[in-house]
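One-letter residues, chain by chain:
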Amino acid sequence: MSDVMKRASDYMKRGAKLTSETCPVCGYMLLEMEGRKVCPQCDKEVIVAKTREEYVEASSRIVLTRLREVLLENISNLTGEGPVPLENEEALDLLDRYVSILEKLEGLLSDKRTPHVRGK
Ligand SMILES: [Zn+2]
């Protein structure tokens, strides 16, 4: 059995169902599991958007979520070796910047709509 078939049957065992849609990347049939569509060939979650807006919304969410992960990792690296010394202005500046970006990100992610520049 090929890797793809094996992966597909693993997904099916976990309750995934076959769909009539195909992967936009490789053209393989998509499986649906818990409302999420996965491609057993790419072994990735696939977002099927009905409209351009939906696509933009979904992809910006993924990008923002990834960015948040990176930021949290950076923050944890910065503070990983104990408290940041207050005289270390460089580290504090960096931390301040990370936290403020994170704050904006949380705002965007909690917003149901597509992130966009406001107040212009
Ligand atoms: Zn695929």
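Right, let's walk through the structure included here.

## Quick look at the environment of Tyr11
Link 1 in the chain: As for its placement among the helices and strands, Tyr11 is situated in helix 1 (residues 3–13).
Link 2 in the chain: On the basis of relative accessibility, which here comes to 9%, the residue Tyr11 falls in the buried class.
Link 3 in the chain: The spatial distance from the C-alpha of Tyr11 to the C-alpha of Leu94 is 42 Å, given a sequence separation of 83 residues.
Link 4 in the chain: The residues contacting Tyr11, other than those within four sequence positions of it, are Ala16, Leu31, Met33, Val38, Pro40 and Asp43.

## Details of the environment of Asp43
Link 1 in the chain: Tracing the sequence through the fold places Asp43 in the loop between strand 3 (36–39) and strand 4 (44–46).
Link 2 in the chain: Each C-alpha atom of the pair Asp43 and Glu87 lies 47 Å from the other, and the pair is 44 residues apart in sequence.
Link 3 in the chain: For Asp43, the contacting residues outside a window of four places in its chain are Arg7 and Tyr11.
Link 4 in the chain: A polar contact of 2.9 Å, which involves the side chain of Asp43, links it to the side chain of Tyr11.

Quick notes on the rules
Residues numbered from 1 in each chain as written. Predicted model: local features only at pLDDT ≥ 70, side-chain atom pairs only at ≥ 80, totals over all residues. Heavy atoms only, no water. Helix = DSSP H or I, 4+ residues; strand = E, 2+ residues; numbered from the N terminus. Buried < 20%, exposed > 50% of the residue type's maximum accessible area, 1.4 Å probe, protein only. Contact = heavy atoms within 4.5 Å. Polar contact = N/O pair within 3.5 Å; in protein donor to acceptor, adjacent residues only side chain to side chain.

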